[in-house]
Structures are given as structure tokens and as C-alpha cells.
Amino acid sequence: MSEKRAALPQVVSASFAAAAGPTGVLPAPSLPEVAFAGRSNVGKSTLMNALMNRHNLVRTSSTPGCTRTVNLFQTKCADGLELFLVDLPGFGYAQRSKAERKEWGPLLEQYLRERTSLRGVVLLVDVRRGVEQEERDLLEFLAANNPANRPALQITLVATKIDKLPVSQRKPAIAGVTIPGMPAIGFSGLTGDGIEPLWRRIRQAVGVLAADPIKAPSPAAAVLEKTS
Ligand code: GTP
Ligand code: MG
């Protein structure tokens, strides 16, 4: 943790609110939600701590498979905005047994396809690994399973762990993490790089900031149109 930390966001409070495991259910929707998805160990929980400006509110681990439930964290910003940031179990740790069937695990699937208060999904990809079929499949799943009573989800692609690369390689590596029409935001849990643009995206997802007409990545459905 020796590298500089970027300017901090406007979070005034953040706390654990609820968790749902295989047998539990989440409380009824009350605030807009933005969820964090990606392979096990990619850094979802770490990114959430950084966004909430807390070191250990969300449990992280170097062992893949750390987060096994859907966890809601209530977050309040200085301007009064309140929302849930949602930590999701990772995918891709155990070899997918039925790869062609695009199964993400019952908990993750149920949350993504049924939670009507979900407004945005932040999809994390290791900058050294890039976007692979599993991430494309997840976007396809999201586009194909949006319930009728929910607006199209805003999707944000994040290239994580950029501090693992030499500074000179970071920019081109982040640029290489892309789905057509969807450039990635680079993030490092060590330096805090990426927190400000990510908060902008989150605020756009929950409707307190107008979408940037030039830079905003397309919603999942539009992305899939371009890739198919
Ligand atoms: P699961 O809950 O298992 O799906 O993992 P996760 O995606 O929540 O990952 P987590 O945040 O627990 O981080 C996994 C490991 O990667 C931990 O050892 C983190 O310290 C490390 N890590 C996460 N983000 C970064 C980063 O930006 N830079 C570096 N160097 N390490 C990171
Ligand atoms: Mg986790």
C-alpha cells in the first residue's frame, strides 16, 4: 500500500445491510442497487471497499471463492444519495461443468434476473487477462434476462489490478480490455486509480447524473447487437 491514493469520493457512511445465501432471501427492494460481478478473486470486494472508502468493511481474501452470498452495503453520499452496493459471489473458479449452458450459480442468477431495484452491473476483468468468453456470456445472460419491470441495466467494464503492471504498460493494457462500444475503466486497489470515474458511472446508473453521451459505454443489449 505504498503508492499514492487518489482523491476520495463523497461517501459519508457505509455499512453492511443484508446478505442472502442459498436459504435466505434479501429484504424487499428499497434503494437503487449497483452490483459487482466478475471471476472469483478478480477484486470485486476490494473495489467495493475502495469505493466506500473503507479498508475492511467488505471481506476480501487471496483465496478464490471468498464471497459466497449476495451482500448488500448501504452507502450514503454527502449530497444525500443513498444506494446499495452489492457484492456478488465470483464465477469461473470451479471449472464450469456445463459451459454451453451458461450457468452462473443459482444465487447469482436469481439476483441478476429478479432484483427489480438493480440499476447497474460493474463487470470486473483482470487487466492482465482481458475479456474472455465467460464475461461475454454474462453480458448475454443479463441482456436476455432483464425482467419487464426493470429498466435496461447500465453495464460498466472495469480493468482491475492495474498496479500489477509497470506504469508505462497500464494505459495500453486498459485500452485492450474492451467489448465493442464499451471501454474499460482502469482500477487499482493499491493506488485508488479509477474511483472517481467509477463513482460517476454509479451515479449515472441510479439516475442522479445524466449519462455522458460520448464516453458512456452502451447498455448490455446494445453491446450484444454489435458483437453478434
Ligand atoms: P471472490 O469473493 O473470491 O469472488 O473474490 P473477489 O473478486 O471479491 O476478490 P477480492 O476483492 O477478495 O480480492 C482477491 C485478491 O486480490 C485479494 O488478495 C486482494 O488483495 C487482491 N486484489 C484485489 N484488487 C487488487 C488490486 O487492484 N491490486 C492488487 N495488487 N491486488 C488486488
Ligand atoms: Mg469477494
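You'll find the structure just up there.
Described below are features of the structure shown in this document. (Residues numbered from 1 in each chain as written. Chains lettered and ligands numbered in written order. Predicted model: local features only at pLDDT ≥ 70, side-chain atom pairs only at ≥ 80, totals over all residues. Heavy atoms only, no water.)

1. Concerning the nonpolar core
Next, step 1: Formed by 38 residues in total, the largest nonpolar core has its most connected members in Leu-88, Tyr-111, Leu-112 and Leu-157.
Next, step 2: Those elements that provide at least two residues to this core are strand S1 (11-20), strand S2 (33-38), strand S3 (70-77), strand S4 (82-87), helix H2 (106-114), strand S5 (118-126), helix H3 (133-144) and strand S6 (154-160).
Next, step 3: The contacts of Leu-88, once residues within four sequence positions are left out, are Ala-35, Phe-36, Ala-37, Lys-44, Thr-67, Thr-69, Val-70, Leu-108, Tyr-111 and Leu-112.
Next, step 4: The next biggest cluster of nonpolar side chains, apart from the first, holds 27 residues, and it includes Leu-51, Met-52, Cys-77 and Leu-198. (Core = buried A, V, L, I, M, F, W, Y, C linked by side-chain atoms within 4.5 Å. Buried < 20%, exposed > 50% of the residue type's maximum accessible area, 1.4 Å probe, protein only. Helix = DSSP H or I, 4+ residues; strand = E, 2+ residues; numbered from the N terminus. Contact = heavy atoms within 4.5 Å.)

2. Topic: the coordination of the magnesium ion (ligand 2)
Next, step 1: Protein coordination of the magnesium ion (ligand 2) is provided by Ser-45 (OG) and Thr-67 (OG1), with donor distances spanning 2.0 to 2.2 Å. Note that Ser-45 is positioned in helix H1 (residues 44-51) and Thr-67 in the loop between H1 and S3, a separation of 22 residues in sequence.
Next, step 2: Owing to a relative accessible area of 8%, Ser-45 belongs among the buried residues under this scheme.
Next, step 3: What makes Thr-67 buried here is its relative accessible area of 13%. (Donors = N, O, S within 2.8 Å, 3.2 Å for Na, K, Ca; no water.)

3. Structural notes on the packing of H2 against H3
Next, step 1: Contact geometry of H2 with H3 gives a least axis separation of 9 Å together with a crossing angle of 45°. With respect to each other, H2 and H3 are oriented oblique. Of the two possible hands of crossing, H2 and H3 adopt the one that is right-handed. Each of Glu-109, Leu-112 and Arg-113 in H2 lies in contact with H3, whose residues at this interface are Leu-138, Phe-141 and Leu-142.
Next, step 2: In the contact of H2 with H3, the residues fall into four nonpolar, no polar and two charged. (Axes fitted to C-alpha atoms, helices over the stretch in contact; angles between N-to-C directions. Parallel < 35°, antiparallel > 145°, perpendicular 65-115°, else oblique. Left-handed = near helix turned anticlockwise from the far one by under 90°. Nonpolar A, V, L, I, M, F, W, Y, C, P; charged D, E, K, R; others polar.)

4. Notes on the pairing of S3
Next, step 1: Of all eight residues that make up S3, six are buried, and the element is covered over most of its length.
Next, step 2: Where S1 and S3 come together, eight bridges link them in antiparallel fashion. Residue pairing across strands places Val-11 opposite Cys-77, the latter belonging to S3.
Next, step 3: Where S3 folds back on S4, the antiparallel hairpin that results is connected by four residues, among which Gly-80 adopts a positive phi of roughly 100°. (Pairing = 2+ DSSP bridges.)

5. Observations regarding the pattern of salt bridges
Next, step 1: Within the structure shown, the criterion is met by eight salt bridges.
Next, step 2: The salt bridge partner of Glu-134 is Arg-39, with a shortest N-O separation of 3.7 Å. Taken together, the positions of Glu-134 in helix H3 and Arg-39 in the loop between S2 and H1 put the pair 95 residues apart, joining distant regions of the chain.
Next, step 3: With relative accessibility at 11%, the residue Arg-39 sits in the buried group.
Next, step 4: Taking the shortest distance from any N to any O, the salt bridge between Asp-126 and Arg-128 comes out at 2.8 Å.
Next, step 5: A network of salt bridges, in which partner residues are shared, links Arg-39, Arg-129, Glu-132, Glu-134 and Glu-135. (Salt bridge = Lys/Arg side-chain N within 4 Å of Asp/Glu carboxyl O.)

Remember that the coordinates give geometry; whether it matters functionally is a separate question.
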